[in-house]
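Chain residues, written in single-letter form:
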Amino acid sequence: MGRGRSFQIAVTALLMFRVGLALPASGQNTQRAQDPVPPASTQATTEGTRAQEEVAALRERLDRQQATLAAQQEQIAKLLSALEEQKNLVERVVANSQPTGARNVGEVTSLTSMVPATPALPGGAGVPASAVPQDQLRSYTERVDHLSSTLDEVQKTLAGFRFSGDFRLRFDGTYRSANAVLGPVQNSRGRYRIRLNIDKPLNDKFDFHTTIASGRFDNGLTSDNDFAGVDTRAPIFISEASAGFHPNQNFALRGGKMAEVFADDSRFLFKEELRLNGFQEIIRVPVGSNALGITGVEFRGGQYVLTNPNVSVLPSTSACSVKPPATPPVNCAYVAAGYAPGSRVHDTNLFHQGVVISQKFKSGWHQSLGLDMQLWRNQNQVAMAASAAGFGAVLNPPTGVTLAGPITGTGTATTTPNGMIFTAQHFQIAHLNYHISFDGPKLRNREMPLDIDVHLSRNVGSGFLRDALMGIASFGAVRQAGDVRLLYGYAVKEANSMISEFTDDYVGTLSGVNIRTHEVGVAVGLSRFLAWQNYLYIVNPLHGNDPSRSFFVPYPAGANTNYRAQPIAVQVLSRRS
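Procedures and definitions
Residues numbered from 1 in each chain as written. Predicted model: local features only at pLDDT ≥ 70, side-chain atom pairs only at ≥ 80, totals over all residues. Heavy atoms only, no water. Helix = DSSP H or I, 4+ residues; strand = E, 2+ residues; numbered from the N terminus. Buried < 20%, exposed > 50% of the residue type's maximum accessible area, 1.4 Å probe, protein only. Contact = heavy atoms within 4.5 Å. Areas by Shrake-Rupley, 256 points an atom, 1.4 Å probe, with all protein chains shown as cover. Disulfide = S-S within 2.5 Å. Phe/Tyr/Trp six-rings, centres within 6.5 Å; stacked < 30°, edge-to-face > 60°. Core = buried A, V, L, I, M, F, W, Y, C linked by side-chain atoms within 4.5 Å. Pairing = 2+ DSSP bridges. Patch = residues over 30% accessible without salt bridge, like charges linked within 9 Å, V, L, I, M, F, W, Y side chains within 5 Å. Salt bridge = Lys/Arg side-chain N within 4 Å of Asp/Glu carboxyl O. pLDDT = per-residue confidence, 0-100. Polar contact = N/O pair within 3.5 Å; in protein donor to acceptor, adjacent residues only side chain to side chain.

**Q** An account of the overall build of the protein chain is requested, with residue identities and associated values reported.
**A** Looking only at helices and strands, the protein chain features six helices and 19 strands. Considering the protein chain as a whole, with its 577 residues, one finds that 38% of them fall into the buried category. Across the protein chain, every contact between residues at least 6 apart in sequence was considered, and the portion connecting residues at least 24 apart equals 66%. Carbon together with sulfur atoms contributes 59% to the accessible area of the protein chain, which is approximately 31,400 Å² in total.

If you want it as structure tokens, here you go:
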């Protein structure tokens, strides 16, 4: 109030001085000779009224400016408080999740580069506003106005959407020499992949997510496109589209097309780019502080719909037994896949449920244990989709186009060569995953975390060749320029252990199961957004065909070793906002 009173007195004095200048001095002729001179009383009254009006107008402007200044100072205080809270929150998250100075891999277009840095309060902390010069307050107010307008523009431009994605460019070669069991393979190609993620929080309980990616119609295991096709253009697909409901931090429900609920990029159960249609739930149990150091308990469940046959009644045996040139109905493929003539064909489903327990038991040491169970229903439709005789009935209706061939990823044993009935009567896969990591090691002042991941599984729905195991050890992490990551993995997947069409096609090159694989990888950080990756996979078959057990595999024992080399792979990452 003292500052405002002083400012009013100064303005009043200035106006009175101006009035004094406006009045004619004693003996001075201020009018032209030809102009009439008004009476002195009238002139004084006019000048006084004008001065009063100007003083009143200036006082009104002053009152408005003071009100605006008070509102701006209140807004500034709130902005500074909010920014300080956000800064502290980000620092805590970064400190808990990664080494100091490293950016979160999930970060995207940050507002830091778009919004000017928060200006310091003029005069320093604790200095009263009345002691701040007017020119500094004006400068500070202008900067706050600029900050506000910039934030408004950013909000209007992004409309709450967050963007992220990646681009990958690599050489990929697959090689196998011929022998009496199988012929040769020689495929040297360049490949690229692009993905764009779009996230939109609708409010604090609902969100939407979609991913647009490159790829092919007939291969759901990868978004890669080959350097091929002369000059034709590659398609873009909706790889993911889902909505989430999360009323609180302990419960999340999601529906749409998305990654499998237990996907972990380990390349054991599922390929990391696999996306399934359905629903999934995550329930987190609050644990609080405890003597065991348990940091999280998550119950997860997924229910996925893989096919929609829309077949109420299958054709009869006679309708499916016509001879050329007559053509049997397309749905006769279901009869060949083991469905009874005249019966209804139900969907193929995956029900996947389990629990993951996390623990921090020493400084820098973390471990987790996962136990889960897969239950597959009508799995032979997957074998149909991967066979030349059955893919048209399963794949063409939902895609709305006529595909030229089946999906990729075969390897699981079938009752006939390249058949449409799996040898395993059921796929009920029990899975255990143990992971341990240590954040502490350093090499030349660089963080070199150590990770060990172990997987064991058994298909209890089959009586033989039903087990799988995998171990992966990695040293280092690529987060910025100069970082290095070394990796070695070993995997054994028997022919009835899991459905090959959904598992990894690098570890299981040309056959997702019935393989023993050594994996070696080296990755080097070129910048905060760029990584150079190198991988080698050495794959050997496990078991040969056995007609006595209706057991046939596409990559039988006795075939030569498959080599998969990816010596040049450049991955460009964006950051999540």
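**Q** Explain unusual backbone geometry residue by residue, including any values.
**A** Here proline 324 and proline 325 are connected by a cis peptide whose omega angle stands at 10°. Its location among the elements puts proline 325 in the loop between strand E8 (294–305) and helix H4 (332–336). For asparagine 445, which is not glycine, the phi dihedral falls at a positive 65°. Along the polypeptide, asparagine 445 turns up in the loop between strand E12 (442–443) and strand E13 (446–447).

**Q** So what about the state of the cysteines? Which residues, and what values?
**A** Two cysteines joined by a covalent bond between their sulfur atoms form a disulfide. All told, the structure shown has one disulfide when counted by the stated rule. A disulfide bridge connects cysteine 320 with cysteine 332, and the sulfur atoms are separated by 2.0 Å. On the sign convention where negative means left-handed, the S-S torsion of about -85° between cysteine 320 and cysteine 332 marks this disulfide as left-handed. Highlighted residues: cysteine 320 in the loop between E8 and H4 and cysteine 332 in helix H4, separated in sequence by 12 residues. Here cysteine 320 matches cysteine 332 in class, with each residue buried.

**Q** Describe the packing of aromatic side chains, with residues and values.
**A** Throughout the structure, instances matching the rule amount to 12 aromatic pairs. Their ring planes at 90° and their centres at 4.8 Å tell us that phenylalanine 217 and phenylalanine 237 sit as a pair that is edge-to-face. Residue phenylalanine 217 is located in the loop between strand E3 (206–213) and strand E4 (225–226), and its partner phenylalanine 237 is located in strand E5 (residues 237–248); the two are separated by 20 residues in the primary sequence. Clustering of aromatic rings is evident, with ring pairs tying together Phe361, Trp365 and Phe438.

**Q** Go over the nonpolar core with me, naming the residues and quoting the values.
**A** In terms of nonpolar packing, the biggest core is built from 37 residues, with Phe270, Trp376, Phe427, Met498, Ile499 and Phe502 touching the most fellow members. Broken down by secondary-structure element, the contributors of at least two residues to this core are strand E7 (276–285), strand E9 (349–362), helix H5 (380–385), strand E15 (467–476), strand E16 (484–493) and strand E18 (530–541). Contact partners of isoleucine 499, with chain neighbours within four places excluded, come to Trp376, Gln379, Val382, Thr412, Phe422 and Phe427. Grouped together as the second largest cluster of nonpolar side chains are 15 residues, Tyr334, Met384, Leu395 and Met420 included.

**Q** For the pairing of E9, give the residues involved together with the corresponding values.
**A** When E8 meets E9, the two strands line up antiparallel, connected through 11 bridges. When the bridges of E9 are listed, phenylalanine 299 appears paired with valine 355. Across 12 bridges, the pairing between E9 and strand E10 (residues 365–377) is antiparallel. Bridge pairing in E10 links glycine 354 to aspartate 372. A loop of two residues connects E9 with E10, the two strands running antiparallel in sequence, and glycine 364 in this loop sits at a positive phi of about 85°.

**Q** Residues and numbers for helix H6 (residues 391–399), please.
**A** Of all the positions in H6, only Phe391, Ala393, Val394, Leu395 and Asn396 are classed as buried. Of the surrounding elements, those touching the buried residues of H6 are H4 and H5. Looking at the residues trailing H6, positive phi occurs at glycine 400, about 75°.

**Q** Would you mind going over a nonpolar patch on the surface in detail, with residue names and values included?
**A** A grouping of Phe161, Phe163, Phe167, Leu169, Ile194, Leu196, Ile212, Phe227, Ile236 and Val572 is seen on the molecular surface, where their side chains present a nonpolar patch of about 810 Å² in accessible area. Contributions of two or more residues to the nonpolar patch are made by strand E1 (162–176) and strand E2 (185–201). Counting residues per element, the nonpolar patch draws most heavily on E1, which supplies three residues. Assessed through its relative accessible area of 32%, phenylalanine 163 is described here as partly exposed.

**Q** Outline the pairing of E10, listing residues and values.
**A** For E10 and strand E11 (residues 428–438), the ladder comprises 11 bridges, and the chain directions are antiparallel. Along E11, the bridge assignment pairs leucine 371 with leucine 432.

**Q** Could you give an account of the environment of valine 297, naming the residues involved and the relevant values?
**A** The residue valine 297 is located in strand E8 in this model. The buried category is assigned to valine 297, whose relative accessible area is 15%. Spatially, the C-alpha atoms of valine 297 and valine 356 are 5.9 Å apart, while their sequence positions differ by 59 residues. With sequence-adjacent residues up to four places away left out, valine 297 is seen in contact with Ile283, Arg284, Val285, Val287, Val355, Val356 and Ile357.

**Q** Explain the pattern of salt bridges to me, and be specific about the residues and the numbers.
**A** Under the defined criterion, the tally for this structure stands at 25 salt bridges. A salt bridge links arginine 168 to glutamate 273, with the nearest nitrogen and oxygen atoms 3.8 Å apart. Of this pair, arginine 168 sits in strand E1 while glutamate 273 is found in the loop between strand E6 (251–258) and E7, placing the two residues 105 residues apart along the sequence. Each member of the pair, arginine 168 as well as glutamate 273, is classed as buried.

**Q** Can you explain the environment of alanine 340? Please cite residues and give values.
**A** For alanine 340, the position within the fold is in the loop between H4 and E9. Along the chain, alanine 340 and valine 313 lie 27 residues apart, while their C-alpha atoms are 9.6 Å from each other.

**Q** So what about the confidence of the model for the protein chain? Which residues, and what values?
**A** Low pLDDT means the predicted coordinates in that region are not meant to be read closely. Summary statistics for the protein chain give a mean pLDDT of 84 and a share of 79% for residues scoring 70 or more. Overall, residues 17–37 carries pLDDT values under 50, and its contacts beyond four positions in sequence, including any with other chains, amount to seven contacts. Across residues 97–127, confidence stays below pLDDT 50; counting only partners more than four residues off in sequence or on other chains, it has 51 contacts.

**Q** Describe the side chain of aspartate 166, naming the residues involved and giving the relevant values.
**A** Relative to the helices and strands, aspartate 166 is located in strand E1. Judged by relative accessible area, aspartate 166 falls into the buried class, the value being 9%. Within the local environment of aspartate 166, its side chain forms a polar contact with the side chain of arginine 195, the two groups lying 2.9 Å apart.

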